[in-house]
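Survey of secondary and tertiary structure
Each chain, letter by letter, is given below.
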Amino acid sequence: MLSLAGTLAVWTALVAAGWLAVAGWRAARDPVAPSASIVSLRRSVLVMVLAALGAMVVLEAALLANDFTVSYVANHHSRHTPFPFNIATAWAALEGSIVLWGLVLAAYAYAVWRRATARGAQPDSLDWGALAAIGAVGVFFFGLMVTVANPFEVCTEAAARSCTASSPLPFSRAVGPADGLGPNPLLQNHLLMAIHPPLLYLGYVGLTVPFAYGISALALRRSGPAWLRRSGLWTRVAWVFLTAGITLGAWWAYEVLGWGGYWAWDPVENASFMPWLVATAFLHSSLVQERRGMLEAWNFVLVIGAFSLTILGTFLTRSGVIASVHSFTQSAIGPALLGFLVVVTVGSFALFASRAQQISSPPRLESLSSREGGFLLNNLLLTVYAMVVLTGTLYPLALEAFTGSEVGVGRPFFDRMAVPISFALLLAMGIGPALPWRVARARVVWPRVHLPLQIALAAGVLVIITATRVGYVVMAVIAGSWVVAVAAGRLLSQARRSARSRGANAWRMIPGVVRSDRGFWGGQLAHAGVALAAVAIACTANLSQSLDRVEMAPGDRVEFAGYELVHTGVSTTRTPNRLKSTAHVEVWKDERIEGLAEPALSRFETSALPIATPGIHHTLAQDLYLSVTRIDEEAITLRAATAPLQWVLWLGGLTCAGGGLYSLAGRKRRRSGSVRPAVGARPGG
Amino acid sequence: MADPAGRRSLFGWVSPLLTLALAAFVVVSLTTADPVDRDRAERIGKQVRCPACEGESIAESPSSYAADMMGYVREMIGEGRSDQQILDRLMAAYPRSQMLDPPFQTRTALLWALPAAVLVTGLFLAFFRLRKPVPPESTGEAP
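Since this is a predicted model, take the numbers as computed values, not measurements. (Residues numbered from 1 in each chain as written. Chains lettered and ligands numbered in written order. Predicted model: local features only at pLDDT ≥ 70, side-chain atom pairs only at ≥ 80, totals over all residues.)

**Considerations on the sheet that holds strand S11 (residues 622-631) of chain A**
All names here are of chain A.
- What the four strands build is an open sheet, ordered S3-S12-S11-S10; its pairing is antiparallel. Pairing within the sheet leaves two strands with one partner each, and these edge strands are strand S3 (546-552) and strand S10 (615-618). If you compare each strand with its neighbour and ignore which way they point, the axes differ by 20° on average.
- Pairing of S10 with S11 involves four bridges; the strand directions are antiparallel. (Pairing = 2+ DSSP bridges. Helix = DSSP H or I, 4+ residues; strand = E, 2+ residues; numbered from the N terminus. Axes fitted to C-alpha atoms, helices over the stretch in contact; angles between N-to-C directions.)

The structure is reproduced here in structure tokens:
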């Protein structure tokens with residue numbers, strides 16, 4: 001029954017997406033789009049979003065109703081999966097995550113439609129062309145849902161705890177196991193896992209929209225500021241979600257995975273980081289085009305690149321080509337995604353090449369030492385960064401595929417390459433906002449930067465005297481304070497200027513100055529977030545102490561990093577789907593008990609390997625991170641590490657996303673409820 | 001910046017000097033600092049991929065297989081072997097393990113060459129294509 005409803009919803013969405021592609025293209029081709037084709041567009045968008053929503057609702061209903069005749073439910077759900085993980089199961093495995101993808105894509109189509117037809121907006125063929133491109137992408141993803149990644153297949157042969165054969169025909173005779181195995185244990189350990197994937201998808205899928213505008217502009221030969229403004233807005237929307245999603249993903253890895261880190265340069269992390277880098281590059285280079293009309297060709301390359309990288313990332317993480325902690329699925333979806341990736345990249349760049357003549361030849365840069373020169377540097381660094389991550393991720397695969405020889409490319413390689421690029425980016429981030437457009441002269445720049453430079457160096461001196469002489473930490477503090485101080489200096493000097501002209505107090509002028517250019521100041525806030533994150537990363541990477549595997553019987557004590565850890569005993573709790581053994585460890589400092597950390601190992605009936613959950617004692621200065629590798633009544637094997645200023649990393653990541661959100665809130669055109677209605681949250685207000 | 005003339009001339013030489021002094025302090029402190037004394041076993045372990053788990057180094061992985069390998073590393077450190085000797089013997093003893101840090105060889109050269117190519121191309125474009133001599137009608141001056 002639910003299989004039938006789900007199948008109907010997915011097919012409806014597929015037809016609507018195709019219809020949208022055709023109707024959008026016809027409306028775009030017609031210079032004075034007749035109202036009939038607009039009505040047709042509107043209907044196709046509405047049908048697509050309702051059908052995609054319907055598919056998700058049916059999937060959730062099947063999960064909540066324990067309908068094990070639905071193949072996805074039989075294979076990924078269990079009666080004992082607790083709330084809210086039973087809800088989150090809908091996107092915890094491959095087929096369901098594609099349903100979420102389709103829903104988000106349809107929601108973006110609806111938001112684009114609403115914005116294009118909002119009161120006061122000038123309907124434009126660019127918008128119709130973009131909707132057509134979104135429709136075409138939708139055809140692919142809804143097409144996946146009815147073929148290789150169909151969550152609504154009817155289970156026709158059931159084993160004890162799973163479905164061994166299923167049929168896409170909704171009227172097949174349905175059988176279902178009495179209970180299923182449930183989702184991957186790693187994914188039902190922490191609440192963040194329910195939030196992080198949807199956020200990341202909103203970012204990932206959101207990059208379809210700027211791509212669609214780019215394609216629309218190329219196809220309609222409409223280069224110029226119109227497509228750029230639209231692409232810029234939607235990139236910002238996607239970027240905010242992507243930034244927040246990446247931050248929460250790192251947080252989840254830290255709180256749940258129990259290996260003590262938050263970033264492992266794992267392919268799935270790289271898959272989200274590469275589009276982020278390219279989207280960030282676009283946010284900056286689009287400003288150069290907006291302001292000076294330069295770099296348009298490059299901006300097309302960036303929007304196409306960012307979207308291609310999201311498809312590449314989906315291919316890498318969803319096809320099982322790379323065995324990683326995240327690639328929990330393998331299926332026939334790999335070739336389909338690879339084919340789509342080839343079609344998208346080859347098609348887009350061919351279109352780009354065929355239109356190269358029409359893209360306006362840019363005015364030249366007067367000088368490299370200028371604001372636009374700073375943006376060029378930023379783009380160069382971000383592109384090289386993305387290239388490093390891309391080659392590092394793909395190289396082992398490519399080498400093995402072509403020569404059969406294996407090579408490991410892991411953390412040491414990425415760290416070695418990423419650290420210098422990141423420092424260069426931080427320095428550029430500091431100098432950039434202080435440079436004027438066109439030509440920067442020393443007599444203009446020096447007064448803007450000398451005080452921030454001294455403040456930054458003084459901060460470094462302070463760290464050296466009071467805390468540490470570890471080079472990376474000191475340099476990160478200097479570079480980070482430099483970024484923040486330059487921005488603060490610009491803010492104060494603008495406030496002072498505005499106060500002088502009005503005869504008021506400079507401090508009172510600050511809110512007005514910020515509000516007058518939310519794009520710029522939102523960007524500066526995002527920079528401050530990156531600076532915070534850089535300091536935190538340098539601290540956790542260089543100042544942490546660790547203790548490897550100590551055996552502790554109940555009552556044993558061990559000294560570590562100024563703490564005394566006391567193992568007081570083990571308790572075991574049994575829930576229907578897991579057996580959780582928790583070690584109770586008291587954290588003592590200076591003869592006083594400071595807290596209790598409870599690292600645990602969970603055994604899920606569905607998985608041979610136990611899942612470790614760390615016990616973390618949070619303080620302002622550092623986290624004390626405890627994990628166990630073995631646990632029983634006689635003894636535990638404990639690992640401990642400190643993570644200095646770990647919370648600053650989460651603060652930095654969220655500040656960065658917050659900066660993007662603030663810049664969105666400053667967009668001039670009103671959009672009453674028109675942005676992402678399916679999410680229920682408007683960017684800012 | 002509209003500082004009074006007196007303040008500006010004062011800053012004219014005080015400020016660069018102060019900047020230099022602070023920078024000199026930082027540079028001297030950092031170059032004379034003792035190198036970070038990391039646990040040697042951990043440093044070596046972080047370069048080796050744990051064969052039983054996915055994508056983690058043997059220093060980070062909680063698996064017993066990784067614990068075995070780390071034990072062997074410590075044993076060899078106790079015997080006073082060099083880092084390279086330890087890595088070589090470890091690879092020989094555990095044939096399925098792999099370095100996480102790829103060695104620089106012909107088959108891995110592209111790994112460094114590709115990003116470098118992007119960097120060089122970018123610099124070339126910035127200097128020679130985007131920054132052209134200013135067209136005659138412009139009043140700006142080329143630096």
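**Topic: the pairing of S11(A)**
Residues and elements named next belong to chain A.
- Within S11, nine of the 10 residues are buried, leaving the element largely enclosed by the surrounding structure.
- As defined by bridge partners, S11 adjoins strand S12 (residues 636-644) across nine bridges and the pair is classed as antiparallel. Paired with Arg630 across the bridge in S12 is Thr637.
- Count of turn residues in the S11/S12 antiparallel hairpin: four residues. (Buried ≥ 20, exposed ≤ 12 C-beta atoms within 10 Å, placed from the backbone.)

**So, the nonpolar core**
- One finds Ala13(A), Leu20(A), Met48(A), Ala109(A), Leu131(A) and Ile134(A) to be the most contacted residues of the largest nonpolar core, which totals 236 residues.
- The element best represented in this core is helix H9 (residues 225-257) of chain A, accounting for 19 residues.
- The contacts of Leu20(A), once residues within four sequence positions are left out, are Leu41(A), Ser44(A), Val45(A), Met48(A), Ala109(A), Leu131(A), Ala132(A), Gly135(A) and Gly138(A).
- Counting residues in hydrophobic clusters, the runner-up holds 14 residues, among them Val48(B), Cys50(B), Ala59(B) and Met70(B). (Core = buried A, V, L, I, M, F, W, Y, C linked by C-beta atoms within 7 Å. Contact = placed C-beta atoms within 7 Å.)

**Re the domain arrangement of chain A**
All names here are of chain A.
- What the domain assignment reports for chain A is domain 1 (1-183), domain 2 (186-382), domain 3 (413-543 + 649-658) and domain 4 (546-647).
- Relative to domain 3, the C-alpha centre of domain 2 lies at a distance of 25 Å.
- Taken together, the contacts link 18 residues of domain 2 with 19 residues of domain 3.
- Where the side of domain 2 that touches domain 3 is concerned, the elements lending two or more residues are H9 and helix H13 (371-403).
- Element by element, the count of residues in the side of domain 2 that touches domain 3 is highest for H13, at six residues.
- Looking at the side of domain 2 that touches domain 3, its residues break down into seven nonpolar, seven polar and four charged. (Domains from an automatic or database assignment. Nonpolar A, V, L, I, M, F, W, Y, C, P; charged D, E, K, R; others polar.)

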